[in-house]
Amino acid sequence: MINMIFAVSLLENWKLYSVIAGVAVLFLILVVALVNKGKYQARFNAFYRRMDKMITKKFNGNVLIETLLNQYVTDDTNTYKSLKSRGKGKVKKYLDYYVKNLPELVVYKSFISPDRNKNQLAIMILDEYDKVIFKWDKSKKINGFIKASNKYQMLSPIIAYLSELPLNIKEGAPYRFVNHDNDYRITYEIVKNSKKVKRKQKEKKLTKAQEKALAKVEKTKNKKASKTRR
């Protein structure tokens, strides 16, 4: 009888120890996950801050557009091929910066996002019916944007869009830019496979999270603008 009681007590103790061990393992997993997320968040924030600083100092789209219009444009077609040689050099340098850094920013963002598999950037030009007529991914590099600017007369919109895009990516905000000269628009999407995007990109009703993200974008832009005016 005593042996049976001892055996039952031992079994109950092992069950208790197993539960405690299971809880401890889950706790450790949670701690590691939080630490890793903190590291990824810190890396993303640091990378974004470096980008933001470089954009403000050297790669501001509005400044480049004004420079091109005042010094390097030869006609009103709004194309890369219409620029003087020095203007083309400035645009290439500008595009090269964004082509290299935007995809990397998206990868860092994916590590702190709910779906880590969404780590590729697709930038699209749409017609007035929201049909994709051009899609850029990192494999197209600089030449993709140059060809698109020439074919669709979208040089200035592309330059402006790239300059604004990092902040929208940071906040997880949608960003659709309409070029009123020809009704083409530019939008972006972060996807699992940039080679496979929908042929139509209809503008969807904003979620509450997206509305908050857009509000943050506007707040940040207004704050920067107020600093510039001082």
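The rules behind the values
- Residues numbered from 1 in each chain as written.
- Predicted model: local features only at pLDDT ≥ 70, side-chain atom pairs only at ≥ 80, totals over all residues.
- Heavy atoms only, no water.
- Axes fitted to C-alpha atoms, helices over the stretch in contact; angles between N-to-C directions.
- Helix = DSSP H or I, 4+ residues; strand = E, 2+ residues; numbered from the N terminus.
- Parallel < 35°, antiparallel > 145°, perpendicular 65-115°, else oblique.
- Contact = heavy atoms within 4.5 Å.
- Nonpolar A, V, L, I, M, F, W, Y, C, P; charged D, E, K, R; others polar.
- Salt bridge = Lys/Arg side-chain N within 4 Å of Asp/Glu carboxyl O.
- Buried < 20%, exposed > 50% of the residue type's maximum accessible area, 1.4 Å probe, protein only.

**Side note on the packing of helix H2 (residues 61-72) against helix H3 (residues 85-110)**
In step 1: Closest axis-to-axis distance for the H2/H3 pair is 10 Å, and the angle between their directions is 170°. Taken together, H2 and H3 sit at an angle that is classed as roughly antiparallel. Between H2, through Gly61, Leu64, Leu68 and Tyr72, and H3, the contact on the second element is made entirely by Arg86, Gly87, Lys90, Val91 and Tyr94.
In step 2: Classifying every residue of the contact of H2 with H3 gives five nonpolar, two polar and two charged.

**Regarding the pattern of salt bridges**
In step 1: In the structure shown here, the tally under the stated rule is eleven salt bridges.
In step 2: For Asp52, the salt bridge is made with Lys224, and the minimal N-O distance between the two is 2.4 Å. Placement of the pair is Asp52 in helix H1 (residues 2-57) and Lys224 in helix H6 (residues 208-229), with a sequence separation of 172 residues.
In step 3: Between Lys135 and Asp137 there is a salt bridge, and its shortest N-O distance comes to 3.1 Å.
In step 4: Given a relative accessible area of 16%, Lys135 falls into the buried group.
In step 5: Overall, the relative accessible area of 1% leaves Asp137 in the buried class.
In step 6: Through salt bridges with shared partners, a single network forms among Lys135, Asp137, Lys140 and Lys195.

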